[in-house]
Amino acid sequence: MDRSGSPTVQPVRGEMAGRIRAYDWTSTTLGAAETWPPSLKATISLLLGCGFPMIALWGPNLIQVYNDGYRDLMGLKHPAGLGQPTRACWPEVWHINAPIYERVWAGETLTFEDALYPLTRSGRLEDAWFTLTYSPLRDDSGAIAGILVILVETTSRVLADRALRESEARFRAELERQVQERTAELQASRDLLKATMDSSMDMIQVFKAVRDASGEIVDFQWLLNNHTSASRYGEVSGQSLLERNPGVVQEGIFDTFKRVIETGQPATAERRYVHEQFDGWFFQCAVKLGDGVATTTKEISAWKAAQEEVLRLRDEIAQAALRESEDRFRTLASLIPVLLWRSDESGQQNALNEAWLAYTGQTLPQSQDGGWLEAIHPDDRDASQEAFRVGREQQRLIEVQPRIRRHDGEYRWFLVRQAPIVDAEGHVTQWIGAAMDIHELHDLQERQAVLVAELQHRTRNLLGVVRSIAHQTMVQTGPTERFREQFNDRLAALSRVQGLLSRSEQEPITLRTLIRTELEALGAGDFADRIHVAGPPVRLRKASVQTLALAMHELATNARKYGALTTEHGRLSVTWRADRNEQGDGNLLIEWIEEGISRPRETYGPTRRGYGRELIERAMPYALNAKTRYELGETRLLCAIELPLGERSGEMSTA
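Points about the overall build of the protein
Okay, step 1: Tallying secondary structure elements over the protein gives 21 helices and 23 strands in all.
Okay, step 2: Classification of the 655 residues of the protein by burial places 45% in the buried group.
Okay, step 3: Counted over contacts in the protein with a minimum sequence separation of 6, partners at least 24 positions apart contribute 55%.
Okay, step 4: Approximately 33300 Å² of the protein is accessible, and the part contributed by carbon and sulfur atoms is 51%.

Right under this line is the structure:
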């Protein structure tokens with residue numbers, strides 16, 4: 001505090017703290033920093049100490065002052081945006097923000113989830129999505145003097161949700177297409193269709209239309225029922241649909257079946273269906289099959305319940321109001337719809353905002369001296385306590401994701417961060433912490449992982465179908481045995497890649513695993529004493545796995561059939577090394593060396609200059625931004641592949 005008793009801007013490490021201290025504020029309507037009101041200084045101290053993106057808009061001109069987190073969202077608008085009126089900095093979204101600012105000036109606190117903003121922060125107009133909270137900032141007299149904006153960019157998640165929905169739509173379209181194609185096969189072999197249906201986790205049923213003397217459809221009769229459906233309905237073959245399930249009339253299912261038969265157009269719908277054996281939500285697809293319908297039905301009760309829970313939580317958040325507290329910290333913290341606290345340098349004595357106390361049901365005395373740990377889930381408690389201990393010892397940002405107990409006993413996932421505030425000598429004077437509810441995001445990530453695993457599983461099955469189709473085609477067209485062998489080998493390589501990708505969330509794919517998988521698939525265990533594989537741990541990104549795996553497959557196949565592993569004294573060496581710079585970028589160099597080749601490989605036909613070499617010398621530079629070198633001599637082969645390494649390249653990283 002200065003001599004007037006007003007709080008001063010806390011010195012905080014980071015780019016924006018330095019820029020704010022160095023900025024000539026006399027060029028703005030805020031005037032010299034030493035003349036700022038205590039309320040403005042306290043606001044800036046708070047946002048600089050918080051890890052979440054925050055910006056304060058002060059005065060009638062809404063002069064911008066922001067922290068490092070907000071800086072990262074500005075793109076090319078930084079650093080010019082510091083001290084600039086927000087309308088001049090963000091003219092492209094003024095028509096969106098102006099009405100919001102008017103409401104905040106009137107005293108409202110507004111929160112928007114996944115709001116769309118068209119921004120020009122990278123030099124061109126682009127769509128971006130944010131979850132934002134706009135709160136009024138009051139001066140020392142209690143009058144509104146500015147606006148505090150807290151935001152988290154959700155562009156990646158929104159785009160991922162969109163991609164997921166598109167993927168689901170494609171899956172549904174593919175499912176409808178497959179059902180239509182299978183109708184012809186049903187007429188030829190009912191037993192084959194039933195075996196296929198029984199392998200599905202969805203309910204699959206086939207009904208035959210029952211008509212009166214005039215030809216009008218008056219009922220449907222069960223013809224086929226797969227295992228999943230039979231587990232719900234029991235044995236219903238030959239029974240009447242209306243007698244067994246009269247509710248299909250009220251639910252509109254009966255009319256849907258009639259319309260599908262009369263028009264020949266498939267129908268899909270989500271329905272709440274109540275039956276004597278179950279009550280839930282279902283997604284159903286019906287297609288015409290002769291003079292009847294074939295249906296696939298998936299239960300989506302859990303998904304619908306999750307939707308309702310999200311809506312309920314949004315209503316609760318929208319109705320929640322921030323409360324004023326006894327001191328300046330709690331007054332300012334109550335404006336922010338997240339759990340906030342401030343603790344001394346030891347981390348023992350805490351001052352918490354009302355949001356924490358209301359959420360956990362703890363009293364302020366109960367939260368002191370480590371009592372706040374009682375609100376942490378028992379399985380997360382030790383890890384959280386250790387993270388806070390290490391963070392305080394190292395005086396660095398603390399970040400954990402524990403489950404925190406709500407006052408009614410329910411545990412929800414939170415993103416928790418605590419940052420130190422240091423004085424001019426670099427000593428920690430206090431800690432500022434915040435916790436944001438990420439329960440829905442955590443659940444979404446788990447569901448997305450399940451969907452990705454299912455997609456990978458289906459992709460592997462699809463490869464088996466493609467192999468079968470190719471085999472049948474080759475039987476009819478009479479291809480060469482060489483084509484058959486190479487086609488099957490490459491499909492097998494793709495299948496192995498899909499197997500690795502399907503387990504990638506639990507078991508990250510490493511370069512060593514990829515190389516060993518291809519070598520072992522080709523029987524390299526018989527030549528273990530002649531093969532050398534060495535290099536540091538390198539974790540591959542999913543986007544690079546398939547192309548790199550195909551390249552390793554081609555090299556291993558040629559070594560096994562034409563190269564070093566075909567001679568008695570041949571040797572194969574596969575090594576790699578990673579070279580990084582200070583920015584974390586660099587290159588990964590893979591060297592495949594075969595020695596002891598008996599004669600020039602050009603004599604062995606087109607394989608060495610066919611698909612494999614085209615993949616390495618042309619496809620990899622295009623797909624992976626790789627540099628390749630392929631040198632083939634009479635007794636030696638060298639294939640060098642140089643790949644980008646690091647977060648910026650988006651390819652792979654050292655583990």
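So, next bit.
Concerning the sheet that holds strand 5 (residues 144-153)
Okay, step 1: Read across the open sheet, the 5 strands follow the order 2-1-5-4-3; overall the sheet is antiparallel. At either end of the open sheet lies a strand with only one pairing partner, and these are strand 2 (63-66) and strand 3 (110-119). In this sheet, neighbouring strand axes are inclined to one another by 30° on average, regardless of whether the strands run parallel or antiparallel.
Okay, step 2: Contacting strand 1 (54-58), strand 2, strand 4 (126-138) and strand 5, helix 2 (residues 38-49) runs over the sheet at an angle of about 165° to strand 1.

Thoughts on helix 16 (residues 378-394)
Okay, step 1: Compared with the 24 Å implied by 1.5 Å per residue over 17 residues, the 25 Å span of helix 16 between its first and last C-alpha is a close match.
Okay, step 2: Every buried residue of helix 16 is listed here: Asp380, Ser384, Phe388, Val390 and Gly391. Along helix 16, the residues classed as buried sweep out an arc of 165° about the axis, all on the same side. Those residues of helix 16 that are exposed and aimed more than 90 degrees away from the buried face are Asp382 and Glu393.
Okay, step 3: Close packing links the buried residues of helix 16 with strand 11 (339-344), strand 13 (398-400), strand 14 (403-405), strand 15 (411-422) and strand 16 (428-437).

Points about the packing of helix 20 (residues 542-561) against helix 21 (residues 611-624)
Okay, step 1: One way to put it is that helix 20 packs onto helix 21 with a least axis distance of 9 Å and a crossing angle of 160°. Classed by the angle they form, the pair helix 20 and helix 21 counts as roughly antiparallel. Like other packed secondary-structure pairs, helix 20 and helix 21 cross with a definite hand, here left-handed. Listed contacts from helix 21 to Ala543, Ser544, Thr547, Leu548, Leu550, Ala551, Glu554 and Leu555 of helix 20 are Tyr611, Gly612, Leu615, Ile616, Met620, Ala623 and Leu624.
Okay, step 2: Taken together, the residues of the contact of helix 20 with helix 21 sort by class into 11 nonpolar, 3 polar and 1 charged.

Some points on the pairing of strand 7 (residues 217-225)
Okay, step 1: Relative to strand 7, strand 6 (residues 203-211) is paired through 7 bridges, and the arrangement is antiparallel. Its bridge partner lying in strand 7, Lys208 is registered against Gln221.
Okay, step 2: In this structure, the hairpin formed by strand 6 and strand 7 is closed by a connection of 5 residues, where Gly215 is found at a positive phi of approximately 95°.

Some details on helix 20
Okay, step 1: Taking 1.5 Å per residue, 20 residues should reach 28 Å; helix 20 reaches 29 Å between its end C-alpha atoms and fits that length.
Okay, step 2: Counting buried positions along helix 20 gives 15 out of 20 residues, so the element sits mostly inside the fold.

Focus: unusual backbone geometry
Okay, step 1: With an omega dihedral of 10°, the bond running from His78 to Pro79 counts as a cis peptide bond.
Okay, step 2: You can see Pro79 is positioned in the loop between helix 3 (68-74) and helix 4 (86-89).
Okay, step 3: Backbone geometry at Gln395 places phi at a positive 55°, although glycine is not the residue there.
Okay, step 4: On the secondary structure map, Gln395 appears in the loop between helix 16 and strand 13.
Okay, step 5: Here the phi dihedral of Asn625 falls at roughly 55°; this positive angle occurs in a residue that is not glycine.
Okay, step 6: Within the secondary structure layout, Asn625 lies in the loop between helix 21 and strand 21 (627-632).

So, the pairing of strand 21
Okay, step 1: Direction of pairing for strand 21 relative to strand 22 (residues 636-645): antiparallel, over a ladder of 6 bridges. Paired with Thr628 across the strands is Ile641, a residue of strand 22.
Okay, step 2: Where strand 21 hands over to strand 22, the hairpin turn is made up of 3 residues, counted between the paired strands.

Points about the sheet that holds strand 7
Okay, step 1: Across the sheet, which stays open at both edges, the 5 strands sit in the order 7-6-10-9-8 with antiparallel pairing between neighbours. The sheet is open, and its two borders are formed by strand 7 and strand 8 (267-274), each paired with just one other strand. Recorded for the sheet is a direction-independent mean angle of 35° between the axes of neighbouring strands.
Okay, step 2: Of the strands in this sheet, strand 6, strand 7, strand 8, strand 9 (279-288) and strand 10 (292-299) are in contact with helix 11 (residues 253-263), which crosses strand 7 at around 85°.

Details of the nonpolar core
Okay, step 1: Grouped together as the largest cluster of nonpolar side chains are 52 residues, with contacts concentrated most on Trp25, Tyr117, Phe130, Leu132, Tyr134, Ile147 and Val149.
Okay, step 2: Ranked by residues supplied to this core, first place goes to strand 5 with 6 residues.
Okay, step 3: Contact partners of Val149, with chain neighbours within four places excluded, come to Pro53, Met54, Ile55, Leu57, Leu132, Thr133 and Tyr134.

Digging into the pattern of salt bridges
Okay, step 1: Enumeration over the complete set of coordinates arrives at 27 salt bridges.
Okay, step 2: Where Glu410 meets Arg406, a salt bridge forms, and the shortest distance between an N and an O atom there is 2.6 Å.
Okay, step 3: On the basis of relative accessible area, Arg406 is assigned to the buried category, the value being 11%.
Okay, step 4: A single network of salt bridges, built from pairs that share partners, joins Arg406, Asp408, Glu410, Arg412, Asp437 and Glu440.

Here's the deal with the environment of Ser122
Okay, step 1: Residue position: Ser122 is located in the loop between strand 3 and strand 4.
Okay, step 2: Of the residues examined, Ser122 reaches a relative accessible area of 37% and is grouped as partly exposed.
Okay, step 3: For Ser122 and Met74, which are 48 residues apart along the polypeptide, the C-alpha to C-alpha distance reads 8.2 Å.
Okay, step 4: In this structure the side chain of Ser122 is engaged in a polar contact, spanning 2.6 Å, whose partner is the side chain of Glu126.

Calculation criteria
- Residue indices follow the written sequence of each chain, beginning from 1 at its first position.
- Given that the model is predicted, a residue must reach a pLDDT of at least 70 before its local features are reported, and side-chain atom pairs must reach 80 or more before they are shown or counted; all residues, however, enter totals for whole chains, interfaces and linings.
- By convention in this description, side-chain values take in all heavy atoms of the structure and omit both hydrogens and water.
- Put simply, DSSP marks the helices as runs of H or I at least four residues long and the strands as runs of E at least two long, and each gets a number from the N terminus on.
- Exposed residues in this analysis have more than 50% of their type's maximum accessible area, buried residues have under 20%, and partly exposed residues fall in between, with area computed by a 1.4 Å probe over protein chains only.
- Between two residues, a contact is recorded if the distance between any of their heavy atoms is within 4.5 Å.
- Per-residue and other accessible areas follow the Shrake-Rupley method at a 1.4 Å probe size, with only the shown protein chains counted as cover for residues.
- Only strands joined by at least two bridges in the DSSP assignment are considered to pair.
- In this analysis an axis means a line fitted to C-alpha atoms, helices contributing only their contacting stretch, and an angle means the value between N-to-C directions, from 0 to 180 degrees.
- A helix is expected to span 1.5 Å multiplied by its residue count minus one.
- The arc in question is the one traced by the directions running from the helix axis out to the C-beta atoms.
- To sort the angles, those under 35 degrees are grouped as roughly parallel, those over 145 as roughly antiparallel, those from 65 to 115 as roughly perpendicular, and the leftovers as oblique.
- With the far helix as reference, a near helix turned anticlockwise by less than a right angle produces a left-handed crossing, and one turned clockwise produces a right-handed crossing.
- Note that Gly is not counted as nonpolar here; it falls among the polar residues with everything else outside the nonpolar set of Ala, Val, Leu, Ile, Met, Phe, Trp, Tyr, Cys and Pro and the charged set of Asp, Glu, Lys and Arg.
- Here the nonpolar core consists of buried residues drawn from Ala, Val, Leu, Ile, Met, Phe, Trp, Tyr and Cys, with membership extended through side-chain atoms lying within 4.5 Å.
- When a carboxyl oxygen of Asp or Glu is within 4 Å of a side-chain nitrogen of Lys or Arg, the pair counts as a salt bridge.
- In the analysis that follows, any N or O atom pair within 3.5 Å is treated as a polar contact, provided that within protein one partner can donate a hydrogen and the other can accept it, and provided that, for residues neighboring in sequence, both atoms belong to side chains.

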